[in-house]
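Examining the three-dimensional arrangement
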Amino acid sequence: DPSYPIERLAFMVEDSNLSILIIENKLTELFCTNVAKILLNKELDGELKEFEQESSVNIFNKGLSDNLAYIIYTSGSTGRPKGVMITHRNAVMMIEWSKTVFLVEYLSAVLVSTSICFDLSIYEIFVTLAVGGKLILAQNALELPFIPAANKVKLVNTVPSVMAELIKSNGLPNSVQVVNLAGEALRNTLAQDIYKQTNVREVWNLYGPSEDTTYSTFYLVKQGAKIEPLIGRPITNTQIYILDSNWQIVPIGLIGEIYISGDGLARGYLNKPDLTAEKFLPNPFSSNPSRMYRTGDLGRYLPDGNIEFLGRIDNQVKVRGYRIELGEIESVLEKHPIINQTVVSVEEEGNNKQLVAYLILEKEKTLTVDELRAYLKEKLPEYMIPSSYIVMDSFPLTPNGKINRKALSDSKHNKLDVSDNFVAPRNPIEEILAGIWCEVLHLERVSINDSFFELGGHSLLAIQLVLRIQKNFQINITLRKIFQYSTIAELAKEILLHQQDIIVLLPVIDTDISDSLPLCYAQIPFWFSYLLRPQNSSSLIKFSYYLKGKLNTIALEKSISQVVERHSAFRIKVTTVKGKAFQQVIPKLILSLPVINLTHLSDNEKQLNIEQLIKEEQKPINLTKDPLIRVKLIQVETELYLFLLNIHHIIFDGWSTTILFKELALFYEAYASEKEPPLMKKPVQYINFVDWQNRLLQSDLVKSQLSYWKEKLAGDLTNAQLPTKKLKPKLISKKGAINSLVLPKELNQSLIELGQKENVTMFMILVTAFKSLIYSYTKQDDVLLITYIANRSRLEFEDTIGLFVNGLPLRTYLSSNTTFLELLHKVKETVLGAYSNSDIPSQKLIEEFAPKNIHIIHKIPHFNYHSLHKESFSLFNINVEPLLSNTVELQMLDIILHAIETDEGLELLFKYNLDVFDEAFIKELLNQLVEILVKAVN
């Protein structure tokens, strides 16, 4: 009745005692507009005042479609309410799409059970009214069976948990033809139960945040379907992008974050410009200016164009060093035939984080932990398998019907027996091994049945494991044994069987540091480089850091002096006798810390002075006269300094960097706090290593290793080399460049899973991919890489600063018929063999077994894997930031691939000689390498 007071109707809709209101007639657009305005019951902004006076048709005719239609509040995943500003264009787009998907017959009578505070009500009310349908109101969907007009309802919108209750109580009327489910993950078992127990013809799985006007994707769950429901394809005029952390589109099948663009995208958040800018980003994939919304949801495109939803990034957790998507575990659990619904969370017990799975089972069905673990082991790596399982009758819900995750841990329900299958050591050998594992893996406890590699171990940590086992048991355990017997229980049996295999370790002697010793093999290339190019500074390891704060310069100088005193490598000088180079430690090195004050200069003058001072500090070092370490401090502002540290590579390597920074930090904190410096065990000196290696190479212990390498390095080594520039200068410089990328987290996770499945390390996978890449360009079946190891084959050398690093040749034969997995296992054998015979320096190997190839070693691709995060320098109460350099110098190589574990993910970085390789080619190599890795996991 057009004469009925609109204000009274709005009051009735909000009246909590009103159980049902059936609107039979098609309302005019003006009527709808005013009802919406009164229901919202607040003035939105200046633009809306003009809107209040006109019908929506007139507004569109005036071109005002981007004016506000309404503001709806949502807390999203943050729990903090924020107003989402929806325009007329946004709402009309959603309505028009709905009219093309849902038949008018089904929209002729729609249940309106959602509060107007939630965006689902926009669909229920305005889509229905737009086709002349009737609204059948109820307090909530669970009251549907009890309302007078229940048997008139043809379409129901709600969340899966509410629908599950309706199905359980047989509360869905026979008149219902369509069920739309959204807001939570939908299980196929629920969808099929709807089909089996009711007259429903269509079950739709709908997905979308309030920021994209109710729905963004849609998917029809077919009757009899066997797979879990997807969230489907984008609705009309909507684009969905699955991106990695670098805003790059991930390949089909890989997991990324869901970004939404299109006509449904809201204007932003009311009075929250910063939050709007954070969530509504420029769309780099559109030729026209547009935005995309960052959902915080995870998903992946499937080959058929549908999207699989995999939970929230908020539910991405880190347990025992692994990044885990809780939604992925939930998805696998819910595919179990007797599990109806599950929620997985991370909870702390003591200092340990554990995965806990909350389960709702089929009626009168039971499960044991062993059954669950056996089921999950077929589908997930060990680190993603929950430790505890709690069976519940139902999950606690929020007021809008979603699962209340925070309330789960407070619930008292039936916990399945056995929490984590922990088995304690049973004898002294297992106790010692457990202690070694905890030390190497930084864990508080390990079960004797846990796999070393599934707990986060890799090949470099396995070497540390081997060294400690050898020292504790005096048993010749090789790296290969760790791969064969990866649990404490298995390894303990192996040690017991081979207790007779006592090895005699060559002792490390406390050499008189005043003695002169020949350079070790690792140092010789740097000496030759110095003789050939004394004015070249590429052999310097350069550190530059900005230090912000109240720096105690005296404490820093004392700390540097203390480290130099502890490590005699810094006091080495090179001498020559009859043309042969020797090294000798000078008793004392007075190393002051010059402080250059630039605070009185202008910004331009400061910059010019800084550039000149850096250049001076990085000038070449005379190995026979100069100290092999240089330090300088430049004061830029009152509390801003630039710290320059340069060390010659001939006495320093990457492992040494960690030792240096750690000790500097410890000493500085003590001196800056006016405390006594920490008592630290005096390290074994580098000169002792040089003596030990010289004696080792003259002993019988390396005969078997020499035999191994003689076979491995037989023949010509010049085969597989990457294509270089057509025109190269006659004199190749050391000027280099860097190109890098970070692997998508999902790809990184898939590679970890591949390693778990094939019992290989990430290092082995990357070597395999690099060899595949080289083969794809060269088509040569003999592929040689040189990789680097720390070469600290005795525990005594772990805390010693010096040049230990050794290059290991990794030679593998392959052909066009070799699959990735076949090559992977060949590489595994190659790596294990090389590591087991790594005491002989690569320089000696080439000289002895391949002398004619020594001149091309720099042309062979090199590979370096950093299993630790990039070296970080920290000081007590000081903010430390690295000064990034625009110049790159290569020491003696043409190209090297670095793989570096960072907080952002695994970074692949090519460092290459600009005179030898083109930048475009290097970028192509990186992209091809990623493609190989993607194919390896698919």
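Residues numbered from 1 in each chain as written. Predicted model: local features only at pLDDT ≥ 70, side-chain atom pairs only at ≥ 80, totals over all residues. Heavy atoms only, no water.

Some details on the environment of Thr-657
Formally: Each helix is a run of DSSP H or I of at least 4 residues and each strand a run of E of at least 2, with the numbering of both proceeding from the N terminus.
As for its position among the elements, Thr-657 is in helix α20 (residues 654-672). For the pair Thr-657 and Phe-873, spaced 216 residues apart in sequence, the C-alpha separation works out to 9.3 Å.

Things to note about the environment of Gly-171
For clarity, the cut-off: Throughout, a residue-residue contact means that at least one pair of heavy atoms, one from each residue, lies within 4.5 Å.
When you line up the elements, Gly-171 lands in the loop between α7 (160-168) and β6 (178-181). Between the C-alpha atoms of Gly-171 and Leu-142, which are 29 residues apart in sequence, the distance is 7.9 Å. The residues touching Gly-171, leaving out its near neighbours within four places in the chain, are Leu-144, Pro-145 and Leu-166.

Describing the pattern of salt bridges
Side-chain pairs of opposite charge can arise whenever the charged atoms involved come near each other. To be explicit about the condition: Whenever Lys or Arg places a side-chain nitrogen within 4 Å of a carboxyl oxygen from Asp or Glu, that contact is recorded as a salt bridge. Throughout this description, buried means an accessible area under 20% of the type-specific maximum (1.4 Å probe, protein chains only), exposed means over 50%, and partly exposed covers the range between.
As enumerated under the stated definition, the model contains 21 salt bridges in all. Glu-798 serves as the salt-bridge partner of Arg-468, at 2.9 Å between the closest nitrogen and oxygen. In this pair, Arg-468 sits in helix α14 (residues 459-473) while Glu-798 sits in the loop between β30 (782-789) and β31 (806-813), placing the two residues 330 residues apart along the sequence. Pair check on accessibility: Arg-468 and Glu-798 agree, each one buried. For Glu-829, the salt bridge is made with Arg-480, and the minimal N-O distance between the two is 2.6 Å. Of this pair, Glu-829 sits in helix α25 (residues 820-836) while Arg-480 sits in helix α15 (residues 479-484), and the two are 349 residues apart along the sequence.

Here's the deal with the sheet that holds strand β23 (residues 540-548)
Our working rule: Two strands make a pair as long as DSSP finds a minimum of two bridges between them. Lines fitted to the C-alpha atoms define the axes, with helices restricted to the stretch that makes contact. Angles between their N-to-C directions range from 0 to 180 degrees.
Taken together, five strands build an open sheet; the order of strands is β26-β27-β28-β23-β33 and the sheet is mixed. Edge positions in the sheet fall to β26 (595-597) and β33 (879-882), since each of these pairs with one other strand and no more. Across this sheet, the average inter-strand angle for adjacent strands is 25°, counted without regard to direction. Bridge count for strand β27 (residues 629-637) against strand β28 (residues 640-648) is eight bridges, and the pairing is antiparallel. Looking at β28, one finds that Leu-633 is bridged to Phe-643.

Remarks on the side chain of Thr-800
Of note, Thr-800 is situated in the loop between β30 and β31. Overall, the relative accessible area of 1% leaves Thr-800 in the buried class. If sequence neighbours within four positions are ignored, Thr-800 has contacts with His-567, Ser-656, Ile-659, Val-684, Gln-685, Tyr-686 and Arg-792.

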